[in-house]
Amino acid sequence: MLTLSRPDLQHTAHFIAGEWRAGADGRLLDVSDPASGALIAQVPDADAGTARAAVDAAHAAFPAWRRTPAKERARILKRWNDLVLANQQDLGRLISREQGKPLAEGIGEVAYAASYIEWFAEEATRANGDLIPAPVPGRRMFAVREPVGVVAAITPWNFPAAMIARKIAPALAAGCTVVCKPAEDTPLTSLALVALAAEAGVPAGVLNIVTASRERTPELVDAWLDDARVRKITFTGSTPVGKHLARRSADTLKKLSLELGGNAPFVVFEDADVEAAVEGLMAAKFRNGGQTCVCPNRVFVHQAVHARFAELLVARVASLRVGAASNEASQIGPMINARAVEKIERHVQDAAARGARVLTGGTRLPALGPNYFAPTVLEDADATMACACEETFGPVVPLTRFTGEAEVVAQANATPFGLAAYFYTQDVRRIWRVADALEVGIVGINEGALAAEAAPFGGVKDSGYGREGSVHGLDDYLHTKYLCQGQLD
Ligand code: SIN
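Conventions and cut-offs
- Residues numbered from 1 in each chain as written.
- Predicted model: local features only at pLDDT ≥ 70, side-chain atom pairs only at ≥ 80, totals over all residues.
- Heavy atoms only, no water.
- Helix = DSSP H or I, 4+ residues; strand = E, 2+ residues; numbered from the N terminus.
- Rg over C-alpha atoms; globule rule 2.2 N^0.38 Å.
- Buried < 20%, exposed > 50% of the residue type's maximum accessible area, 1.4 Å probe, protein only.
- Contact = heavy atoms within 4.5 Å.
- Areas by Shrake-Rupley, 256 points an atom, 1.4 Å probe, with all protein chains shown as cover.
- Lys, Arg positive; Asp, Glu negative; His and termini not counted.
- Charge placed at Lys NZ, Arg CZ, Asp CG, Glu CD.
- Pairing = 2+ DSSP bridges.
- Axes fitted to C-alpha atoms, helices over the stretch in contact; angles between N-to-C directions.
- Parallel < 35°, antiparallel > 145°, perpendicular 65-115°, else oblique.
- Left-handed = near helix turned anticlockwise from the far one by under 90°.
- Nonpolar A, V, L, I, M, F, W, Y, C, P; charged D, E, K, R; others polar.
- 1 Å grid on protein atoms, 1.4 Å probe; cavity = no way out; pocket = protein on both sides within 12 Å on 5 of 7 lines; lining within 4 Å.
- Points joined across faces, edges and corners; volume = space filled by probe spheres on them.

A.B. asks: Would you mind going over the overall build of the protein with me for this structure?
C.D. replies: A tally of regular secondary structure across the protein gives 14 helices and 22 strands. Taken over C-alpha atoms, the radius of gyration comes to 23 Å for the protein, in line with the 23 Å a tight globule of 489 residues would show. Judged by the C-alpha coordinates and their principal axes, the protein covers about 75 × 60 × 40 Å. Here the protein holds 489 residues, and the buried ones make up 58% of them. If you take every contact in the protein between residues at least 6 apart in sequence, the share linking residues at least 24 apart comes to 72%. For the protein, the accessible area works out to roughly 18700 Å², and carbon and sulfur atoms hold 54% of it. Between the mean site of the 50 positive side-chain charges and the mean site of the 56 negative ones, the protein shows a separation of 4 Å.

Below you can see the structure in the form of structure tokens.
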């Protein structure tokens, strides 16, 4: 375990109905350091019975929580935000240890997570309804917004704090209660955040969390899918799993928010500020070592600026410092696990076999540990390569040349996914033309760093639906009830 200023933040149990509970059958899930594979901790591996117990608690707590005045829910969320920020260093160390992002990024992620909690604390009091002009005399018509009920949040490993905050804060703000299953690779950060939520005053049963292994997750999630008391699923993860959740939610018609895979294009037009485009790509691509669903996966550079762009990019990428997450100098840590590195290696080898040239990187870094991969730039990538069709989720930049705007927009859209896209140009007419034509939920225009609590995050097509963050983020946890009062004459 880690040495933290607050050792009591290291929990290794489920949190249900306000109590830390050991697993029902003694089965445990190992949590390992992605840098070395060394065991960090063991947490319980939940079965279906534990999953149902969490729903029992959330369902029992719902009537009182939804009646709690929004201002009081907001106060509790603000205290949670304050506690998260007060424990930023400890939480950052937990993230960095179990997920592998460099410590400075881990600490930064805590501030990012807190920004969602603060945002939704403020939004809690603004779930306004409508007074609707009645079409006939003697009537008053209203639309009020109500919490959907028990929400199941299934969160990913790449941002173990921020994704918990982005889902749980709006749910609690709306008056919903929550059962959560964090990713099997990164449960410790989530348990610490839930402990701080309880300390902030979130009542027993309102927020419950259960941990489970990859093998047992289907059993646990099935229990939630089959349970009509769970009214909403919010999930960040792969598109196949998102589609499975959508299919399996049909019988109980749960509301869904699905933040799924991406295959983001990054386009550099001939009139772009090339230096700014390189910096934008570095920020977008190498955040969390390329393990974000909005990071550029295909980079299209106009023939006229390709040589200059590639030269500047290779210099920047080759100078990235790869190393242990705990080393303050590291800019890229280990990948999350062996499967992740295998996929990255497969993409690079496939691209090379199909004619791409490796300009820098291209290999694992075994001297550092089993899960490190060198930041890589590939030239002459094309649409037949695995790295253009699948999300690489690692520090690999495949460059593709283009010559025409219509051609590159068609290539950018030639994917089932539609999460994010980026482009660089100084032509204002082109900005609006291209922004309109891109089939995605998020567009970076001369900007690589898009994440913000005030912005709506989510995709179209196979990247899912629903929006997180922003004024729209609360909507996914509310439904609208129409009230019509007659006999008023
Ligand atoms: C994600 O990769 O799912 C989230 C990234 C972000 O918040 O920018």
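A.B. asks: Whenever I open this one, the pairing of strand β8 (residues 177-181) confuses me. Can you help?
C.D. replies: Judged by how many residues are buried, β8 sits mostly within the fold: 5 of 5 residues are covered. What you see with β8 is no split at all: Thr177, Val179 and Lys181 on one side and Val178 and Cys180 on the other are buried throughout. Looking at chain direction, strand β7 (residues 150-154) and β8 are connected through 5 bridges and run parallel. Paired with Ile154 across the two strands is Lys181, which belongs to β8.

A.B. asks: Please clarify how the sheet that holds strand β6 (residues 140-147) should be interpreted in this entry.
C.D. replies: By definition, the strands of a sheet pair up through backbone hydrogen bonds, in either a parallel or an antiparallel sense. Reading across from one edge, β5-β6-β22 is the order of the 3 strands in this open sheet, with antiparallel pairing throughout. Edge positions in the sheet fall to β5 (130-132) and β22 (478-485), since each has one partner strand and no second. The average angle at which neighbouring strand axes cross in this sheet is 25 degrees, direction not considered. Relative to β22, β6 runs antiparallel, the two sharing 8 bridges. Its bridge partner lying in β22, Met141 is registered against Cys484.

A.B. asks: Help me understand the packing of helix α1 (residues 48-67) against helix α7 (residues 217-226), please; the structure alone is not making it clear to me.
C.D. replies: The axes of two packed helices give the description: the angle between them and the distance between them. Following both chains from N to C, one finds α1 and α7 inclined at 40 degrees, their axes separated by 8 Å at the closest point. The angle between the axes of α1 and α7 places the two elements in the oblique class. Crossing handedness for the pair α1 and α7: right-handed. Residue-level contacts link Ala48, Ala51, Arg52 and Val55 of α1 to Glu219, Leu220, Ala223 and Trp224 of α7. Its residues placed into classes, the contact of α1 with α7 shows 6 nonpolar, no polar and 2 charged.

A.B. asks: Would you take a moment to explain empty space enclosed by the protein for this structure?
C.D. replies: If a probe as big as a water molecule is rolled over the atoms, it shows which places are left empty. In the structure shown here, the tally under the stated rule is 2 cavities of 30 Å³ or more. What the largest cavity holds in volume is close to 90 Å³. Looking at the largest cavity, it is lined by 13 residues, and the ones nearest its centre are Phe159, Met163, Arg166, Cys293 and Phe457. Here the lining of the largest cavity is built from residues that sort into 7 nonpolar, 3 polar and 3 charged. If you add up the space inside the second largest cavity, you get close to 40 Å³. As for the second largest cavity, its lining consists of 14 residues, and the residues nearest its centre are Pro265, Thr415, Phe417, Gly418 and Val440. Elements with a contribution of two residues or more to the lining of the second largest cavity: β12 (264-268), α13 (405-413) and β17 (417-418). Its residues assigned to classes, the lining of the second largest cavity comprises 7 nonpolar, 5 polar and 2 charged.

A.B. asks: Please clarify how the side chain of Thr360 should be interpreted in this entry.
C.D. replies: Within the secondary structure, Thr360 sits in strand β14 (residues 357-360). Overall, Thr360 belongs to the buried group, its relative accessible area being 15%. If we skip the residues at most four places from it in the chain, Thr360 touches Val314, Val317, Ala318, Pro375, Thr376 and Val377.

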